[in-house]
Amino acid sequence: MRGMMNRNSLSGLITGIAMLSLVAFSTMVSAQPASGRITQRPPDRLTRVAGAKPRNVIFVLTDDHRYDAMSFLQGQAFLETPQMDAMARNGVHLKNAFVTTALCSPSRASILTGLYAHQHRVVDNNNPVSPDLVFFPQYLKRGGYQTAFIGKWHMGGESDDPQRGFDHWVSFRGQGTYLPSQNGLNVNGKRVPQKGYITDELTDYAIDWLNQTRRNRPFFLYLSHKAVHADFVPAERHQSRYKDRKFARPKSMKPDDLKDAPMWVQNQRNSWHGVDFPYHSDLDIEEYYKRYAETLLAVDESLGRIMEWLKKNGLYESTLVVYMGDNGFAFGEHGLIDKRTAYEESMRVPMLMQCPELFKGGTIVNGVVANIDIAPTVLDVAGLRSPAFFQGRSMVSLAQGKSSQWRDTLLYEYYWERNFPHTPTIHALRGDKYKYIHYHGIWDIDELYDLHADPYELSNLIFSPSHARVIREMKEKLFATMTDTGGMYIPLYPDRGGQQNLRRKKGANPADFPGQFMRNKDGKN
């Protein structure tokens, strides 16, 4: 009929209204409460940047992918990640990327909220997520974006129920499984059998959704892989690929190579997360890493499939693709395995960005960036101004070489878990040159490392007279940052789950107190 809009025209008009008005959703924030929780309340409204073009965004998150496990960095000589290498070559490598908490759920919550763990209060993998937390895809959705979450949620317990901010949902309970199991998948609220290898299947779901997106509206895809979480299971086509390759043991694996290591680090060698009794087993660290690298191969292939889809559909130049890990992973460094600590192999992650229309290929960013920067970065390319309470900042200008001022330090925090009692509560400040690590609730020493002179963190400078001023200044800045962000408290939750608190009888002996603590009967040295 004459004068009547067709469906596409009507859809475009509705989308345009949504993109211009952006009703609801930019959070107003009250004064920072002592408990750290950011107070969020409606009505919310995000301001659109005048003239900005909302871009399509694909965010790919992997689990436990450490920063140097890419072949162009030669973390191990046999690593093969050609698609990640291509991303670095054609886009941006953010070489100093970190997470503010090296644990699955807290890190993922920081990605989604732009907040520190003491603010969003998702401080472990077991306790529920507050329903008043706002996730940045909610802003995108209200701004007219098509949104999808596909993969591992693992935030707030075992649930895989669809979450706020996403039109389309594919997930699994808890950690999920690499191969089909009875729990299957949750597809938009319905139980669906898992058919094959999880990395491949999640990629299939991602591409199926991309094929269904409308071209008159921007899209945001959050592809969250199970890989490379333990226990590592490579795709059948990749099994035993590296069985005959040589693994280079880390420089800090031998206790004699560490100077003034805290007692808790020495004691953790003989624990669930230590090389003497890893996962309370006889696990071979070398074979473990090789399975890790083999499991990573399918992730790299998945990235290649996503890039190929973008090229095939004419969206390669204009779409922002971000790749990162949710935390790192230790393979013997400091005598430890797994994550949680403030050492580089735990808190440092791979981060790559590609969008030829925005970034020059081969760009290397030296600034300290973090998981809290993901939300403001995505909102930036969506043409939206981030809420004032975000702790992170958009990395776009930094990656373009336009940002003259950037953070000089980053706060790291981890809160003691009863489930894994061998790692204490940690607060750290990571700068370009120095890292200061402060422990809470234990009788032990703190740590200071000169990352330029000692990148593997072998020599703790906490007793160095020539570094006393650095230690004092970094401690002051650490507590100032926690005070300013409402972090001067310890979050407490009821116990959930069991404890991994065993030691091997023939493993490393308990550590001695440092000589600097010891005195004679008269109190003198």
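Parameters and conventions
Residues numbered from 1 in each chain as written. Predicted model: local features only at pLDDT ≥ 70, side-chain atom pairs only at ≥ 80, totals over all residues. Heavy atoms only, no water. Helix = DSSP H or I, 4+ residues; strand = E, 2+ residues; numbered from the N terminus. Buried < 20%, exposed > 50% of the residue type's maximum accessible area, 1.4 Å probe, protein only. Axes fitted to C-alpha atoms, helices over the stretch in contact; angles between N-to-C directions. Parallel < 35°, antiparallel > 145°, perpendicular 65-115°, else oblique. Left-handed = near helix turned anticlockwise from the far one by under 90°. Contact = heavy atoms within 4.5 Å. Nonpolar A, V, L, I, M, F, W, Y, C, P; charged D, E, K, R; others polar. Core = buried A, V, L, I, M, F, W, Y, C linked by side-chain atoms within 4.5 Å. Patch = residues over 30% accessible without salt bridge, like charges linked within 9 Å, V, L, I, M, F, W, Y side chains within 5 Å. Areas by Shrake-Rupley, 256 points an atom, 1.4 Å probe, with all protein chains shown as cover. Salt bridge = Lys/Arg side-chain N within 4 Å of Asp/Glu carboxyl O. Phe/Tyr/Trp six-rings, centres within 6.5 Å; stacked < 30°, edge-to-face > 60°. Lys NZ or Arg CZ within 6 Å of the ring centre and 35° of its normal. Pairing = 2+ DSSP bridges.

A. Focus on unusual backbone geometry. Along the chain, Ala227 connects to Val228 via a cis peptide bond; the corresponding omega equals 5°. Within the element layout of this structure, Val228 appears in the loop between β10 (219-224) and α7 (263-268). For the peptide bond that leads from Ala230 to Asp231, omega is -5°, which places it in the cis range. Structurally, Asp231 can be placed in the loop between β10 and α7. Backbone geometry places Gln74, a non-glycine residue, at a positive phi of 55°. In this structure Gln74 comes out as partly exposed when scored by relative accessible area, which is 47%.

B. Looking closely at the packing of helix α6 (residues 198-212) against helix α8 (residues 285-312). At a minimum axis separation of 10 Å, α6 and α8 run at an interaxial angle of 15°. Judged by the angle between their axes, α6 and α8 are roughly parallel. The crossing of α6 and α8 is right-handed. On α8, the residues touching Thr199, Asp200, Thr203, Asp204, Ala206, Ile207, Leu210 and Asn211 of α6 are Ala298, Val299, Ser302, Arg305, Ile306 and Trp309. Taken together, the residues that form the contact of α6 with α8 break down as seven nonpolar, four polar and three charged.

C. Expanded view of the nonpolar core. In terms of nonpolar packing, the biggest core is built from 87 residues, with Phe220 and Ile374 touching the most fellow members. Sequence-distant contacts of Phe220, that is, excluding residues within four places in its chain, are made with Val57, Phe59, Phe136, Pro137, Leu140, Tyr145, Gln146, Thr147, Ala148, Phe166, Trp209 and Val378. With 60 residues, the next largest nonpolar core counts Val170, Tyr205, Tyr292 and Met307 among its residues.

D. Fine view of a nonpolar patch on the surface. Together, Trp443, Phe463, Phe513, Phe517 and Met518 line one region of the surface with nonpolar side chains, adding up to about 520 Å² of accessible area. The residue Phe517 is located in the segment after α12 (468-484) in this model.

E. Spatial organisation of the packing of aromatic side chains. Taken as a whole and assessed by the stated rule, the structure comprises 36 aromatic pairs. Cluster of aromatic residues (ring-pair linked, three or more members): Phe78, Phe232, Tyr242, Phe247, Trp272, Tyr279, Tyr288, Tyr289, Tyr292, Phe329 and Phe331. Lying over the aromatic face of Tyr178, Lys226 brings its terminal NZ or CZ to 4.7 Å of the ring centre. Above the face of the Tyr316 ring, Lys311 is positioned so that its terminal group lies 5.0 Å from the ring centre.

F. View of the packing of helix α2 (residues 82-90) against α8. The geometry of α2 relative to α8 is characterised by a closest axis approach of 7 Å and an angle of 50° between their N-to-C directions. Put simply, α2 runs oblique to α8. For the pair α2 and α8, contact is made by Pro82, Gln83, Met84 and Met87 and by Leu296, Val299, Asp300, Leu303, Gly304 and Met307, respectively. Residue composition of the contact of α2 with α8, grouped by class: seven nonpolar, two polar and one charged.

G. Molecular detail of the sheet that holds strand β21 (residues 447-450). Read from one edge of the open sheet, four strands run β18-β19-β20-β21, paired in antiparallel fashion. For this open sheet the edge positions go to β18 (409-414) and β21, each flanked by a neighbour on one side alone. Strand-to-strand twist of the sheet, defined as the mean angle between neighbouring strand axes without regard to direction, takes the value 15°. Direction of pairing for strand β19 (residues 425-431) relative to strand β20 (residues 434-440): antiparallel, over a ladder of six bridges. Bridging across to β20, Leu429 finds its partner in Tyr436. In the packing of α12 onto the sheet, the strands contacted are β18, β19, β20 and β21, and the crossing angle to β20 comes to about 65°.

H. Structural view of the pattern of salt bridges. In this structure the tally under the stated criterion is 31 salt bridges. Of the charged contacts, one joins Glu80 and Arg241 as a salt bridge, the two residues approaching to 3.0 Å between their closest N and O atoms. Residue Glu80 is found in the loop between β3 (57-62) and α2, and its partner Arg241 is found in the loop between β10 and α7; the two are separated by 161 residues along the sequence. The class of Glu80 is partly exposed, set by a relative accessible area of 32%. A salt bridge links Asp373 to Arg407, with the shortest nitrogen-to-oxygen separation between them at 2.8 Å. Here the residue Asp373 occupies a position in the loop between β17 (369-370) and α10 (374-381), and Arg407 occupies one in the loop between α11 (396-399) and β18, the gap between them amounting to 34 residues. Its relative accessible area of 17% is what places Arg407 among the buried residues. Among the charged side chains, a network of salt bridges with common partners joins Asp64, Asp338, Lys339, Arg340 and Glu417.

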